[in-house]
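Structural overview
The residues making up each chain are set out below.
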Amino acid sequence: MLMLMLAASCSITTFASEERKTVKITQHGSNHNRPKRSPVALPEVYIDDYTLTFDESCIGCPLTLIDEDDNIVYTTIIDETGIVELPNTLSGIFEIEIERGSITFVGEIEL
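Residues numbered from 1 in each chain as written. Predicted model: local features only at pLDDT ≥ 70, side-chain atom pairs only at ≥ 80, totals over all residues. Heavy atoms only, no water.

1. As for the confidence of the model for the chain
Test applied: Confidence of the prediction at every residue is given by pLDDT, a number between 0 and 100. Think of it this way: any DSSP run of H or I at least four residues long counts as a helix, any run of E at least two long counts as a strand, and we number them from the N terminus. Throughout, a residue-residue contact means that at least one pair of heavy atoms, one from each residue, lies within 4.5 Å.
Of the residues in the chain, 69% have a pLDDT of 70 or more, and the chain-wide mean is 79. The secondary structure element of the chain with the lowest average pLDDT is helix α1 (residues 2–8), at 35, and the one with the highest is strand β6 (residues 72–77), at 98. pLDDT under 50 marks residues 1–19. Its contacts with residues more than four places away, or in other chains, come to 27 contacts.

Below is the structure:
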């Protein structure tokens with residue numbers, strides 16, 4: 001049972017509408033301050049063209065986009081709306097990082 005809970009805490013699988021696509025996010029980093037039995041709630045992130053929509057757990061968190069050459073191409077703090085409009089000059093596949101306390105959540109998006 002514990003293994004199933006741990007596996008469930010390592011990736012997001014949700015059903016997205018045709019208008020929004022779900023960004024798959026995984027957990028990386030330290031969670032040494034958390035009780036061992038408490039799974040980390042992964043953020044939900046949706047993408048529609050150049051608009052990212054985050055669940056409320058991401059509000060106030062730093063967001064970073066990294067290109068395929070490991071260059072930081074965009075960074076911001078997710079505001080209270082939970083919506084981030086990315087520059088339409090970005091194109092390609094990017095690593096997305098969301099920092100929440102001592103945990104960094106990492107995913108991949110294509111623009």
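2. Brief notes about a negative patch on the surface
The test is simple: Patch definition: residues above 30% relative accessible area lacking any salt bridge, with like charges linked at up to 9 Å and the nonpolar side chains Val, Leu, Ile, Met, Phe, Trp and Tyr linked at up to 5 Å. Using a 1.4 Å probe, the Shrake-Rupley method yields the accessible areas, and only the shown protein chains count as cover for residues. Take a side-chain nitrogen of Lys or Arg and a carboxyl oxygen of Asp or Glu: if they are within 4 Å of each other, that pair is a salt bridge. The convention is simple: Lys and Arg are positive, Asp and Glu are negative, and His and the chain ends are not counted. Lys charges are placed at NZ, Arg charges at CZ, Asp charges at CG and Glu charges at CD. For the exposure calls, accessible area comes from a 1.4 Å probe over protein chains only, and a residue counts as buried if that area is under 20% of its type's maximum, exposed if over 50%, partly exposed in between.
Among the surface-exposed residues, E68, D69, D70, E95, E108 and E110 lie close enough to one another that they form a single negatively charged patch. Considering the arrangement of structural elements, one finds D69 in the loop between β5 (62–66) and β6. A relative accessible area of 62% means that D69 is categorised as exposed.

3. Some remarks on the pairing of strand β3 (residues 45–48)
Put simply, the test is: Whether two strands pair depends on DSSP finding at least two bridges between them.
Sheet topology note: the β3/strand β4 (residues 51–54) ladder contains 4 bridges and is antiparallel. Bridge pairing links Y46 to T53 in β4.

4. Some points on the environment of V84
Residue position: V84 is located in strand β7 (residues 83–85). Sequence separation between V84 and L63 is 21 residues; the distance between their C-alpha atoms is 9.3 Å. Not counting chain neighbours up to four residues away, the residues in contact with V84 comprise Y50, T51, L52, F54, L63, Y74, T76 and I78.

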